[in-house]
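Geometric and topological summary
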Amino acid sequence: MTSVSPLSGSRPVPQVPIPLDEILKLAGEFLDGGRLGEAEILLDHIVSAVPDAASALHLKGILLYRTNRHQAAAEVMERAIELAPDATVFHRNLCPIYERIGRYDDAIRVGHHALDVDRHDLQTLHNLALVHYRRLELDDSIAFARRALALDPSAPGPHFQLAETLLLRGEFTEGWDEYEWRYRIVGAAPPLPPTNRPQWDGAPLPGKTLLLVADQGFGDAIQFSRYIPWVCERCPDVVVAADPILHPLIQQISPVVKFVERWDQCPPFSAYCPLSGLPRLHGTTLETIPASVPYLHADPVRTAAWRARLQDLIPANARRIGIAWAGRPTHNNDANRSAGLTAFGPLAGLDNVALVSLQKGPGQDAVAGYFHRAPLLNLGAAVADFVDMMAVIETLDLVVTVDTAVAHLAGAMEKPVWIMLPYAPDWRWLLDRTDSPWYPTTRLFRQSKAGDWGCVGRAVCEAVRLS
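Residues numbered from 1 in each chain as written. Predicted model: local features only at pLDDT ≥ 70, side-chain atom pairs only at ≥ 80, totals over all residues. Heavy atoms only, no water.

**A word on the sheet that holds strand β12 (residues 442-446)**
Reading across from one edge, β9-β8-β7-β10-β11-β12 is the order of the six strands in this open sheet, with parallel pairing throughout. Edge positions in the sheet fall to β9 (376-378) and β12, since each of these pairs with one other strand and no more. Neighbour to neighbour, the strand axes of the sheet diverge by 25° on average, direction disregarded. Where strand β10 (residues 398-402) and strand β11 (residues 417-421) come together, four bridges link them in parallel fashion. In the strand pairing of β11, V399 is matched with V417. Relative to the sheet, helix α20 (residues 453-466) contacts β7 (319-324), β10, β11 and β12, its axis offset from that of β11 by approximately 160°. (Pairing = 2+ DSSP bridges. Helix = DSSP H or I, 4+ residues; strand = E, 2+ residues; numbered from the N terminus. Axes fitted to C-alpha atoms, helices over the stretch in contact; angles between N-to-C directions. Contact = heavy atoms within 4.5 Å.)

**Observations concerning the environment of R184**
Inspection of the secondary structure puts R184 in the loop between α10 (172-179) and β3 (209-213). Put simply, R184 and F160 are 24 residues apart on the chain and 9.3 Å apart in space, counted from C-alpha to C-alpha.

**Considerations on the sheet that holds β3**
Pairing is parallel in the open sheet, where four strands are placed in the order β5-β4-β3-β6. Looking along the sheet, the strands with just one partner apiece sit at the ends: β5 (258-260) and β6 (271-274). Averaged over neighbouring strand pairs, the angle between their axes works out to 25° when direction is ignored. The pairing of β3 with β6 spans four bridges and is classified as parallel.

**Observations regarding helix α4 (residues 70-83)**
With 14 residues, α4 extends 20 Å from end C-alpha to end C-alpha; this agrees with the ideal 20 Å at 1.5 Å per step. Taken together, the buried positions of α4 are H70, A73, A74, V76, M77, A80 and I81. Residues of α4 that are buried in the fold lie against α3 (54-66) and α5 (88-100). (Expected span 1.5 Å × (residues − 1). Buried < 20%, exposed > 50% of the residue type's maximum accessible area, 1.4 Å probe, protein only.)

**Quick word on the side chain of H159**
Tracing the backbone shows H159 in helix α9 (residues 156-168). On the basis of relative accessibility, which here comes to 9%, the residue H159 falls in the buried class. Of note is the side chain of H159, whose polar atom sits 2.7 Å from the backbone oxygen of P153. Polar side-chain contacts of H159 include one of 3.5 Å to the side chain of W181. Not counting chain neighbours up to four residues away, the residues in contact with H159 comprise L149, P153, E178 and W181. (Polar contact = N/O pair within 3.5 Å; in protein donor to acceptor, adjacent residues only side chain to side chain.)

Now the structure itself:
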């Protein structure tokens, strides 16, 4: 068999036969090494040449999953199982794919199929712990995580899943300890470059410098920055490594701290701590959450400017409601926590309501398809930073948002904010309550079943109509 190379004109180039097992091994090495583009090219060639090669389809399914093409991953992995129904690893690896696309019953089914063959498979136990979390079957989630840890006490994935489940139940003491495993998960970005300095243990550091790291999303930084005054009581010399957009917010909370935005700007420090590690050091329980709000305030000059601007754009008798419908697309749970603009349809059908889009990022594109009774003012790129966002929020009657930084910002400002939550929410919103101990002016609206944003949108609409 010959082929024509585009580099060789019409000259035939002989093909070298390679055993399927060897080329699949090479594709697997590309996958394991993070060379996903090369792995995809190779796997596409293999599947094209041997479309019924179950092992090749299995690897292609893994590749599609790792590149966030989850529905396609499920279809390819299902085909692999049709061809090789006794391949236990195929069932195990289909479990997290089903979880990601919300097919939780199917995820449980294939996970248990894998466990029936090997009840000591740690990865399957971890997978099932996550699926049961998504179904709010928290006793089962904890049981599977603990079974996994009984097999390998140093496995970070089950530790972190156990942390999220315990924290969601409000069991903070053990939950914070388990949460410390988050940076040991394979692929997790470390909070800072390698250092020989220790992580702070909460003890006073007189005369020494402590480096705090805004280590997670903007919403987390806003939430956990409330602990910085407590830190400064123990460590007077505090430097905060954070995105510059956070500097004016944190400076409001603690004017004495210094800031760096690049690692090469860091002064010598004696210890470090991620902001997300402060609740554990504080010994935070449900009863001792520092909830003194507001701890963020809108700038009066910018607020006046935005108030004048909106005065000309919004009907005088309309109730001003700021909305945000999508979080950061790269968040590992964005598919569950982002609702989409359509979820706000019932609210947009009310009279005497004007909606103000607080949405940033790719989600703004949805405004182009908006056609409802209530006017929607798309501020878009006009909101330059969080200082601008706070000024806009200050002019509104209410903020309604999914679980985003906007929710934390409005909550920290002590503004009325209603948060639309998925069936299995992030741990910080706890269970079965409409309020939040983190933000006293917050009202929570929860899905009654996974994926149903319609019920949440209708509940928000009815609450606005009655208020």
